Amino acid sequence: MTAKRILLIIGGGIAAYKSIELVRLLRKSGHVVRCVLTRAGEQFVTPLTLAALSENKVYTSLFDLKDEVEMGHIQLSREADLVVVAPATADLMAKMAGGIADDLATTLLLATDKPVLAAPAMNVRMWLHPATQRNVSTLRGDGVTVMQPDEGEMACGEYGPGRLPEPEAIHAAIVEALSSPLPLAGGAGGGPVAGEAEVDMPSPNPSRKREGDFRGQPDFAPTNHRPLHGRRILITAGPTHEPIDPVRYIANRSSGKQGFAIAAAAAEAGAEVLLIAGPVPLPTPPGVVRVDVETAREMAEEVAGGLPADAAIMVAAVADWRAADTRAQKIKKDGSGAVPPLALAENPDILASVAKSPDRPPLLVGFAAETNDVIAHAEAKLARKGCDWIVANDVSADPMGGETNRVHIISKAGVESWDRLPKGAVARKLMEKIADDLDLRSPLDSD
Ligand code: C5P
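Attention in this report is confined to the structure presented alongside it. (Residues numbered from 1 in each chain as written. Predicted model: local features only at pLDDT ≥ 70, side-chain atom pairs only at ≥ 80, totals over all residues. Heavy atoms only, no water.)

Time to look at the site of the ligand. Near the ligand you find M314, A316, V318, D320, P348, D349, I350, L351, G366, F367, K381 and K385, and these make up its full shell. Between the ligand and L351, the relevant distance is 2.8 Å, taken from an oxygen atom to a main-chain nitrogen or oxygen of the residue. Within the backbone of F367, an N or O atom sits 2.7 Å from an oxygen atom of the ligand. For the ligand, the protein covers 86% of the area, taking 450 Å² as the surface of the free molecule. For the shell around the ligand, the secondary-structure elements that each account for two or more residues are helix 12 (350-356), strand 18 (363-370) and helix 13 (374-385). For the shell around the ligand, the class distribution of residues is 7 nonpolar, 1 polar and 4 charged. (Near = heavy atom within 4 Å. Polar contact = N/O pair within 3.5 Å; in protein donor to acceptor, adjacent residues only side chain to side chain. Areas by Shrake-Rupley, 256 points an atom, 1.4 Å probe, with all protein chains shown as cover. Helix = DSSP H or I, 4+ residues; strand = E, 2+ residues; numbered from the N terminus. Nonpolar A, V, L, I, M, F, W, Y, C, P; charged D, E, K, R; others polar.)

What follows deals with helix 5 (residues 90-98). The set of residues buried in helix 5 consists of A90, L92, M93, K95, M96 and A97. G99 occupies a position one or two residues after helix 5 and carries a positive phi of about 70 degrees. (Buried < 20%, exposed > 50% of the residue type's maximum accessible area, 1.4 Å probe, protein only.)

It is at 9 Å that the axes of helix 5 and helix 8 (residues 130-141) come closest, and there the two elements cross at 50 degrees. With respect to helix 8, the axis of helix 5 lies oblique. In the crossing of helix 5 with helix 8, the sense of the turn from one axis to the other is left-handed. Residues A90, M93, A94, M96 and A97 of helix 5 touch helix 8, and the partners they reach there are T132, N135, V136, T138 and L139. Residues belonging to the contact of helix 5 with helix 8 are distributed by class as follows: 7 nonpolar, 3 polar and no charged. (Axes fitted to C-alpha atoms, helices over the stretch in contact; angles between N-to-C directions. Parallel < 35°, antiparallel > 145°, perpendicular 65-115°, else oblique. Left-handed = near helix turned anticlockwise from the far one by under 90°. Contact = heavy atoms within 4.5 Å.)

Below, the discussion takes up the packing of aromatic side chains. A complete count under the given rule lists 0 aromatic pairs for this structure. Its guanidinium or amino end placed over the ring of Y59, K57 lies 5.6 Å from that ring's centre, counting from NZ or CZ. (Phe/Tyr/Trp six-rings, centres within 6.5 Å; stacked < 30°, edge-to-face > 60°. Lys NZ or Arg CZ within 6 Å of the ring centre and 35° of its normal.)

Moving on: the environment of E168. Assignment of secondary structure puts E168 in helix 9 (residues 167-179). According to the relative accessible area criterion, E168 is partly exposed, its value standing at 46%. Along the backbone, E168 and L25 are 143 residues apart, and their C-alpha atoms lie at a distance of 7.6 Å. Here E168 is in contact with E21 and L25, once residues within four sequence places are set aside.

This part takes up the environment of C35. If you trace the backbone, C35 turns up in strand 2 (residues 32-37). Note on C35: relative accessible area 0%, which makes it buried. Through-space distance from the C-alpha of C35 to that of Y59 is 6.3 Å; in sequence the pair is 24 residues apart. Dropping the residues within four chain positions of it, C35 is found in contact with L8, I10, V23, L50, S54, K57, V58 and Y59.

Below, the structure written as structure tokens:
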């Protein structure tokens, strides 16, 4: 790659020290780096260190008249090929989202006409706060690439998402951003439409692993086509595992591929996506917040906590039954040939409960895998579950774990049958249909 010019804006946070390594990596790969330090950033790293490593002047103040003579702030913001904000603190992102320009860093971010990549770093509660998530969503809607923070132990002793991604990961995201045309910040990437409401993110249960991966995914190309921008979509996917004892469980066959493809397509279409996934070894699609669960009851709990949403798409193959009592120790064969009794209890029907809940999303979609009389069974299921659409697929040809799907969309309006398509194409087509349907309704929090 030819040398590029990076304007690196360093916010104030303990993670600012990692920006030093980032400068070193960028210089090593031949790029020209100009650093801007916020006032808070100056508390953590010194201009002198950054100047020495970047071999360039470091900028700190908007009112440094000498700099305005040498290089005005507008020029500084525009001469770069890419503007990188690392660490992007909650405060800095809030200002960016609000268009506030009260110091050099925020003025440059408002004045720039170049792509912007932000690597957030903050306390887990601050990251998960609806205000921050709203700001992240606004920034993404404005075309800013906001990386997903790392998860782990924080400098403050808490655990969760919010750590600054490692310098190598930020470097990789920069290389990717420089090699693929990113949307320009400031609206060219499909910014929010005036008057369009933003939605809250789920209030998450921090005890469960939550993951969102926005980095290093070559197939993720933000596009200007974001028909689900400002919408929040909840998706369940994969099987559930219902433990019998510590080594055995009851489960339905499910690869999770269709549900994950739907989550990926929803995020690509600009939605905020909460993916509640049973145990599957699939990577988290870019831009998706994922919560891993094991059992149907855990899934039901996370779904209830994840509402409200504009649409919920229940793709998970939830086990209908669980062991009535889970043994704490492995059930042993005693050699007598006697089979241990296995009493079952019925699991909650998540889809049917959501349909009856006060938080019922305006659009509720269920899935049905059928081996015979696909449409008749799906029509009966639509009525029984109280959802708006059933996406039925004929599994007699065994698409479980396969790469394609042939689906029929059953609703009160009738039956729409699609050709057999790759699961990604089914997902994208479904998102277009969902966007069309939601367009007829107002966004979640506008009423
Ligand atoms: O009843 P059946 O399992 O065929 O229904 C399939 C649909 O219902 C899927 O959308 C599935 O995610 C959902 N479901 C659920 N909770 C269950 C069983 C199924 O949400 N306990």
